[in-house]
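# Structural characterization, general
Below, each chain spelled out in residue letters.
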Amino acid sequence: MKTIHLFFTMVLLGITTIQLQAQTNDWVGEWNTRFTHTDALWKLDITKNSYGEYIGTFPDGKLVGKITNGELTGTYTRTPNSFDRTGMGKMGEFRFVPAANNKNKFTGYYKVEGKDIWQADTWNGEKKLPPSLVEQIEKRETEKKLGTINKDFLPDTHNIWTGTWQTDAVGKLKIVASDRLHINGKANKPIAGSTRSTLFDLEGAITGGSNPNSSVKYYQGTIKTKDGKQGTYSVYMTDEGKFSGHITWSNPGHRGLAATTQEDFSGTKTSSSTPSLVTYY
């Protein structure tokens, strides 16, 4: 009887060990993460070191954590750039809670150093999984039919933004991405009931990180009109040749308005040719 009891005890211990190993390995990998109030998209790469710590790297930042009751908790440090709108500061605590029925998704929370409460804004993530066999076959068949790959939309080039776009917020928009840190644009929005139009200048940069293979589908910058109105914009390419985001306009002097106003901003690419920024047409 003792032998049988010992055998079943060892089996249970083995099953428990396998389950724990699977649970700990669930966090290792590449995650696409978003913040609920900015819609900023960050790639988060998580590895596990020889000390059992989980090390995560994301644009301009790093986190170190451990697993507690299935949750990944720890601290983060950052070197935020001038375009940062997350409110995370330079350091703080984080807590990633896995979804109840999906180990490849989590709801994340963060607490900025010096504050006693977790922020209402959440830092959520979804694991980037390798393509299935069916997806690989479909991709191969599509490439065969096209005969080539449109290199403008490969994930390792900033040129996905270069071209002419039709937008709902600033009319016709021309963008030239010289490199990841220098994306310039000019827009021309007709004024309703008039032959005149409002001209805009945009300056921005890719904020997906310094790694050339990281996401380049998210970029942000500053926008201003010829008559002095200024603001900031953040856009994300939701699909091939389409983006959405928002513009936050500043209201100097307020004049009965809020200090800032936000306007939804979306666009569709009408041409991938490099446009001239000297003229609008």
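Summary of the structure given here.

What counts, and at which threshold
- Residues numbered from 1 in each chain as written.
- Predicted model: local features only at pLDDT ≥ 70, side-chain atom pairs only at ≥ 80, totals over all residues.
- Heavy atoms only, no water.
- Helix = DSSP H or I, 4+ residues; strand = E, 2+ residues; numbered from the N terminus.
- Contact = heavy atoms within 4.5 Å.
- Buried < 20%, exposed > 50% of the residue type's maximum accessible area, 1.4 Å probe, protein only.
- Pairing = 2+ DSSP bridges.

Moving on, we get to the side chain of Thr225. Residue position: Thr225 is located in strand S13 (residues 218-225). With residues up to four places along the chain from it excluded, the contact list for Thr225 reads Thr198, Leu199, Phe200 and Trp249.

You can see Met88 is positioned in the loop between strand S5 (71-78) and strand S6 (91-99). Counting along the chain gives 31 residues from Met88 to Gln119, while the straight-line C-alpha distance between them is 9.0 Å. If we ignore the near neighbours within four places in the chain, the residues touching Met88 are Phe35, Trp42, Tyr76, Arg78, Tyr110, Val112 and Trp123.

This part is about the pairing of strand S8 (residues 123-127). Burial of the side chains of S8 is restricted to one face: Trp123, Gly125 and Lys127 are buried, whereas none of Asn124 and Glu126 on the reverse face is. Two strands pair when backbone bridges link them, and strand S1 (residues 29-35) and S8 are joined in this way by five bridges, in the antiparallel orientation. Residue Trp31 lies in a different strand from S8, and its bridge partner there is Lys127. Inspection of the sheet shows strand S7 (residues 102-112) paired to S8 by two bridges, in the antiparallel sense. If you follow Phe106 over to S8, its bridge partner there is Gly125.

Before going further, it helps to examine the pairing of strand S15 (residues 242-250). The side chains of a regular strand alternate, residue by residue, between the two faces of the sheet. Pairing between strand S14 (residues 230-239) and S15: eight bridges, direction antiparallel. Counted as the bridge partner of Asp239 is Lys242 from S15. If you look at the hairpin formed by S14 and S15, you'll find two residues sitting between the two strands, and Gly241 has a positive phi there, around 80 degrees. In this sheet, strand S16 (residues 260-271) lies alongside S15 in antiparallel orientation, the contact comprising nine bridges. Its bridge partner lying in S16, Ser250 is registered against Thr260.

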